[in-house]
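The residues making up each chain are set out below.
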Amino acid sequence: MTIPRFQIARLAALFALGMFGAAGAQNVAFELTTGDPAVLNHWPAGDALLATGDDVVNSGPSGFNASGPNANASYSYNAFDFTGIGAASDPWMPAGFAAMTFLEGTVTIDMAVAGSGGGPLLAAWNLTGTEPFSGHGPYSSTLAAINSGTYDPGSGAFTMNVDFAADIGGTPDTSETFVMAGEAWVVDLVTRSGGTGNAYVDNILTPVAQNAGASGFVFFLGTGIVPPANNFTWGMMPVVASMFGLAPTGTPVEQTTWSGIKGLYR
């Protein structure tokens, strides 16, 4: 499976000062970005990223599992391998995956962890999405429990171990101890100086967030193995998740100074 990895600049200090929302706020719900004509009916293809040069643009269902198209024009998705062994690979999707749901909803970030690291970055998610296979109907998922996690603000590396609930074709079920790892960025657009050093974040996602008038955004790209559901609604399956969400519209951004930021490293 080919999943790109990136390097980022140290932006962590921006968030230790409570950049999104009032001072002392711990959690912020970022809304996944949808409705952008630039990604309408786009599929991420081999680089696992949307709005890039290798995107496949097609309004029909995918060839392997008849996954619904990106009709909600989302920058976020979950891709699955229902075989559990990577036997099928759809060229419209990241290598090794053959089904996909394009997401909307919210992901909630622990802003204290975004600033200082050391614990789970994700605090919650509440997601819906297009159908990953014909006859499935809309997808939905919520975070049931956070078991453990790590985040390194300097490298962007994260891990998480969570329990989650999902609705598969009208049948709710839960997977426990789902482990995922990858890289994540929580980017402030008000006080940041310069770019992150990540071409996708700087050249594609940052302009989208700026044009939307957002004070900041979050971006995740991670992989993991979903455990079998408690009631056997689904079996073990690899997953890749990409999520891009904007800070809430109208959320005030607390100003600070670079001298204050530098002071955090003393």
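Further up the page is the structure itself.
Since the model is a prediction, treat every value here as computed from it, not as a measurement. (Residues numbered from 1 in each chain as written. Predicted model: local features only at pLDDT ≥ 70, side-chain atom pairs only at ≥ 80, totals over all residues. Heavy atoms only, no water.)

Draft legend 1. Quick peek at the environment of T150. Along the polypeptide, T150 turns up in strand 7 (residues 139-151). With a relative accessible area of 39%, T150 lands in the partly exposed category. In this structure the C-alpha to C-alpha distance between T150 and G118, which are 32 residues apart in sequence, comes to 5.3 Å. If we skip the residues at most four places from it in the chain, T150 touches G119, P120, A157, F158 and T159. Side chain to side chain, T150 and T159 meet in a polar contact 2.6 Å long. (Helix = DSSP H or I, 4+ residues; strand = E, 2+ residues; numbered from the N terminus. Buried < 20%, exposed > 50% of the residue type's maximum accessible area, 1.4 Å probe, protein only. Contact = heavy atoms within 4.5 Å. Polar contact = N/O pair within 3.5 Å; in protein donor to acceptor, adjacent residues only side chain to side chain.)

Draft legend 2. Representation of the pairing of strand 8 (residues 157-168) within the structure. Two strands pair when backbone bridges link them, and strand 7 and strand 8 are joined in this way by 10 bridges, in the antiparallel orientation. Within the sheet, the bridge partner assigned to A145 lies in strand 8 and is D163. Hairpin connection, strand 7 to strand 8: the antiparallel pair is bridged by 5 residues, and G156 has positive phi, about 85 degrees. Relative to strand 9 (residues 171-188), strand 8 runs antiparallel, the two being bridged by 11 bridges. Across the sheet, the residue bridging to N161 is V179, located in strand 9. Counting the residues in the hairpin turn of strand 8 and strand 9 gives 2 residues, including G169, whose phi is positive at 60 degrees. (Pairing = 2+ DSSP bridges.)

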